[in-house]
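Architecture and fold: a report
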Amino acid sequence: MSNALKEQLLKAGLADEKKLKAVKKAKHKEKVQAGKNKPLLNEASVLAEQARQHQVARDKELNQQKQAELQKKAIAAQVRQLIANNTIKPQGDVAYNFTDGKLVKRLYVNSKLHDELSRGLLAIAKQDEQYYLVPAAVAEKIQQRQSDSIIVLNVKQQKLDEDDPYAEYQIPDDLMW
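A brief look at the structure comes next. (Residues numbered from 1 in each chain as written. Predicted model: local features only at pLDDT ≥ 70, side-chain atom pairs only at ≥ 80, totals over all residues. Heavy atoms only, no water.)

**Thoughts on the sheet that holds strand S4 (residues 130-135)**
Our working definition: The pairing criterion for strands is at least two bridges between them, as found by DSSP. Put simply, DSSP H or I for four residues or longer makes a helix, DSSP E for two residues or longer makes a strand, and each gets a number counted from the N terminus. Inter-axis angles, ranging from 0 to 180 degrees, are taken between N-to-C directions of lines fitted to C-alpha atoms, where helices are fitted over the stretch in contact. Contact definition: two residues touch when any of their heavy atoms are within 4.5 Å.
Strands sit in the order S4-S3-S5 across an open sheet of three strands; the sheet is antiparallel. Two strands lie at the open edges of the sheet, namely S4 and strand S5 (150-153), each paired on one side alone. Strand-to-strand twist across the sheet, computed as the mean angle between neighbouring axes with direction ignored, equals 25°. Judged from the six bridges that link them, strand S3 (residues 122-127) and S4 form a sheet pairing that is antiparallel. Paired with Gln127 across the bridge in S4 is Gln130. Its contacts with the sheet put helix H3 (residues 43-86) on S3 and S4, and the angle it makes with S4 is roughly 70°.

Right under this line is the structure:
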């Protein structure tokens, strides 16, 4: 209550000093409790908080994309290093034919390398549209990191089909196609 109104009520005898102090004290308590229990919420602060949360989520997504890109580059660098350190120079006059997707490619090797390729001791890896001979153990490491880099890795099949009509016919190791 304003001071003039308080004085008028006191003069008229409608209120006394104790009641006025009690009302004043109750109003003060209400204000304090309202301030403690309910934080001041306005539309601008709510919108600002939503925008901040949206920005945090967007930043997290961009960070994950950057991390995935860095991981991909690191794997590509590992594959390059494995190929560069373990390449066997193909030399010879025997053609080894293999498929790369839908294309049939040819790599000229000597008879020893041809035999090792056929038996699965060597593999053919592709990097930057070029083909490299690598040992089978290295090829398996490369295949774990980047499976599309290994073009040929012959693995002998242990399990034979019982219904295979050609099971009793052996494929010669020196078969050239």
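Structure's up, so let's keep going.
**Here's the deal with the packing of aromatic side chains**
What counts here: In this analysis, rings of Phe, Tyr and Trp, with Trp reduced to its six-membered ring, are considered paired at centre separations within 6.5 Å, and the interplanar angle assigns stacked below 30 degrees, edge-to-face beyond 60, and tilted for intermediate values. Any residue under 20% of the maximum accessible area for its type is buried, any over 50% is exposed, and the rest in between are partly exposed; the area is computed with a 1.4 Å probe on protein chains only.
In this structure the tally under the stated criterion is one aromatic pair. Between Phe98 and Tyr131 the ring centres are 5.2 Å apart and the planes differ by 75°, which places this aromatic pair in the edge-to-face class. With Phe98 in strand S1 (residues 94-100) and Tyr131 in strand S4, this pair connects stretches of sequence that are 33 residues apart. The exposure class assigned to Tyr131 is buried, which follows from its relative accessible area of 18%.

**Some points on the layout of surface pockets**
Put simply, the rule is: Put simply, the grid is 1 Å and covers the protein atoms alone, a cavity is a trapped set of points that fit a 1.4 Å probe, a pocket is an open set with protein on both sides within 12 Å along at least five of seven lines, and lining residues have an atom within 4 Å of a point. Grid points are joined across faces, edges and corners, and a volume is the space filled by probe spheres set on the points.
When its volume is computed, the second largest pocket comes out at roughly 160 Å³. Along the walls of the second largest pocket sit Ala76, Val79, Arg80, Lys126, Gln127, Asp128, Gln146, Asp148 and Ser149, which together make up its complete lining. Counting only elements with at least two residues in the lining of the second largest pocket, the list comes to H3 and S3. Sorting elements by how many residues they give to the lining of the second largest pocket places H3 first, with three residues.

Purely spatial values, then, with no claim about function.
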